[in-house]
Amino acid sequence: MHTDAPERMSLVLFSGTADKLTAAATLTTGAAAMGMEVDLFLTFWGLEAFKKDAAGSVPLVSAEFAELGPMMREVMQAKRVPSWLDTLRGAREIGEVKVYACSATMERV
Amino acid sequence: MHTDAPERMSLVLFSGTADKLTAAATLTTGAAAMGMEVDLFLTFWGLEAFKKDAAGSVPLVSAEFAELGPMMREVMQAKRVPSWLDTLRGAREIGEVKVYACSATMERV
Amino acid sequence: MHTDAPERMSLVLFSGTADKLTAAATLTTGAAAMGMEVDLFLTFWGLEAFKKDAAGSVPLVSAEFAELGPMMREVMQAKRVPSWLDTLRGAREIGEVKVYACSATMERV
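A few points on the structure. None of the values given here were measured: they were computed from a predicted structure.

**A few points about the overall build of chain A**
Consideration 1: In terms of regular secondary structure, chain A is built from five helices and three strands.
Consideration 2: The order of helices and strands in chain A, counted from the N terminus, is β-α-β-α-α-α-β-α.
Consideration 3: Radius of gyration (C-alpha) of chain A: 15 Å, near the 13 Å computed for a compact globule of 109 residues.
Consideration 4: By principal-axis analysis of the C-alpha atoms, chain A measures approximately 45 × 40 × 25 Å.
Consideration 5: Each of the 109 residues in chain A was classed as buried or not, and the buried ones make up 32%.
Consideration 6: Taking all contacts inside chain A whose residues are at least 6 apart in sequence as the whole, residues at least 24 apart take part in 83%.

Written out as structure tokens, the structure is:
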């Protein structure tokens, strides 16, 4: 643990594409491993992606890079990269990671 | 007002889709209500969305979720959720919210 | 230099579209000119855009505004706005700008 690291990190997960969720899960893991408290606030499509039945409907990549999605999936499977959701679960086991859902989003969709 | 809250929040509004603008307006309202000073910096498509004649041309949702746009609009209308612009106007009435326009963007478009 | 400015700024460059990279390069230049240390962390499509052979394949604008891309390019050329990459190079000459590449992304693509 870096002794001069900030004590907490807060992320708003707005987007529900697997590429951004993977980046957020990786940041969360690193911060948790450094002893930081992490607050994740899920809103809009970021909250949608965490629904129980969302697994198959989460877009793989940001729209600008849609054509690279299948390549990304293939490489990540070949390298056995865990899914963003499993990465987040791991982060919660190694550190203090709190997840909040946006109540306004929950009422809307 | 949380006495240990940070004193200010700065947001760069780069994207000009109604979903992200709604999230930014909601964050701004919460921060203003907590007594924080809020600085909003409008650039690129985020600035475009604030133009007088932009109301009809602001994309409703991020591209990855375009197909969910009509559903979102319907639910928000049914629940009488105010528009992101009206939400921001309300935030300016309850707290210290400053809005800055990117001069480079203004010269370009 | 603002004497009460924060001492450093950290940006994660996740997206690889020229509009967002331009905004990041502009923020970096301003921060460097104010004497701040800037850390840029390149990941996913943001790292792709920095590859030697990427120049021609970087999408010009975010997907929601794709139709405005040609207009943006035209105006920026008419006004001789430097590219985001040249802007970043300039920032590195006037201040302390460190660039980090995401090792996980480098292994994947």
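So, next bit.
**Let's talk about the sheet that holds strand β2 (residues 37-42) of chain C**
Residues and elements named next belong to chain C.
Consideration 1: Reading across from one edge, β1-β2-β3 is the order of the three strands in this open sheet, with parallel pairing throughout. Taken across any chain shown, the strands that pair with only one partner, and hence form the sheet edges, are β1 (8-13) and β3 (96-101). Averaged over all neighbouring strand pairs, the angle between strand axes comes to 15°, with direction disregarded.
Consideration 2: Pairing analysis gives six bridges linking β1 to β2, with the strands arranged parallel.

**A word on the interface of chain A and chain C**
Consideration 1: On the chain C side, the residues contacting the 11 residues of chain A number 13 residues.
Consideration 2: With four residues, the single largest contributor to the side of chain A that touches chain C is helix α1 (residues 18-33) of chain A.
Consideration 3: Among the residues making up the side of chain A that touches chain C, the classes are represented as five nonpolar, two polar and four charged.

**A look at the interface of chain B and chain A**
In many analyses, interface size is given as the accessible surface area lost on bringing the parts together.
Consideration 1: Opposite the 11 residues of chain B that make contact, chain A presents 13 residues.
Consideration 2: Looking at the side of chain B that touches chain A, the elements that each hand over two or more residues are α1 (18-33) and α3 (69-78) of chain B.
Consideration 3: The biggest single contributor to the side of chain B that touches chain A is α1(B), with four residues.

**A look at the environment of B:R92**
Consideration 1: Relative to the assigned elements, B:R92 resides in helix α4 (residues 84-94).
Consideration 2: Between the C-alpha atom of B:R92 and that of B:A33, which follows or precedes it by 59 residues, the distance is 9.9 Å.

**Structural notes on the relation of the copies chain B and chain A**
Consideration 1: Under the fitted operation, chain B is carried onto chain A by 0.0 Å of movement along the axis and a turn of 120°, and the coordinates agree to an RMSD of 0.0 Å. In the structure described here, the two chain copies are related by an operation that fits a three-fold rotation axis. Measuring from the rotation axis to each C-alpha of chain B, the shortest distance belongs to B:A63, at 3.5 Å.
Consideration 2: When you check the interface residues of chain B against chain A, a mere 18% turn up at the interface there too, and the two sides of the contact use different surfaces.

**Here's the deal with helix α1 (residues 18-33) of chain C**
Consideration 1: Taking 1.5 Å of rise per residue, 16 residues should cover 22 Å, and α1(C) covers 22 Å from first to last C-alpha, within 8% of that figure.
Consideration 2: Along α1(C), the residues classified as buried are C:A18, C:D19, C:K20, C:L21, C:T22, C:A23, C:A24, C:A25, C:T28, C:A31 and C:A32.
Consideration 3: Elements in contact with the buried residues of α1(C): α2 (44-48) of chain B together with β1, β2, α4 (84-94) and β3 of chain C.

**With respect to the packing of α1(B) against α4(B)**
Residue and element names in this part refer to chain B.
Consideration 1: Look at α1 against α4: their axes get within 9 Å of each other, and the N-to-C directions meet at 15°. Judged by the angle between their axes, α1 and α4 are roughly parallel. α1 and α4 meet at a crossing whose hand is left-handed. Each of A18, L21, T22, A25, T26, T28, T29, A32 and A33 in α1 lies in contact with α4, whose residues at this interface are W84, T87, L88, G90, A91 and I94.
Consideration 2: Tallied by class, residues from the contact of α1 with α4 come to nine nonpolar, six polar and no charged.

Conventions we followed
- Residues numbered from 1 in each chain as written.
- Chains lettered and ligands numbered in written order.
- Predicted model: local features only at pLDDT ≥ 70, side-chain atom pairs only at ≥ 80, totals over all residues.
- Helix = DSSP H or I, 4+ residues; strand = E, 2+ residues; numbered from the N terminus.
- Rg over C-alpha atoms; globule rule 2.2 N^0.38 Å.
- Buried ≥ 20, exposed ≤ 12 C-beta atoms within 10 Å, placed from the backbone.
- Contact = placed C-beta atoms within 7 Å.
- Pairing = 2+ DSSP bridges.
- Axes fitted to C-alpha atoms, helices over the stretch in contact; angles between N-to-C directions.
- Nonpolar A, V, L, I, M, F, W, Y, C, P; charged D, E, K, R; others polar.
- Least-squares fit on C-alpha atoms with pLDDT ≥ 70 in both.
- Expected span 1.5 Å × (residues − 1).
- Parallel < 35°, antiparallel > 145°, perpendicular 65-115°, else oblique.
- Left-handed = near helix turned anticlockwise from the far one by under 90°.

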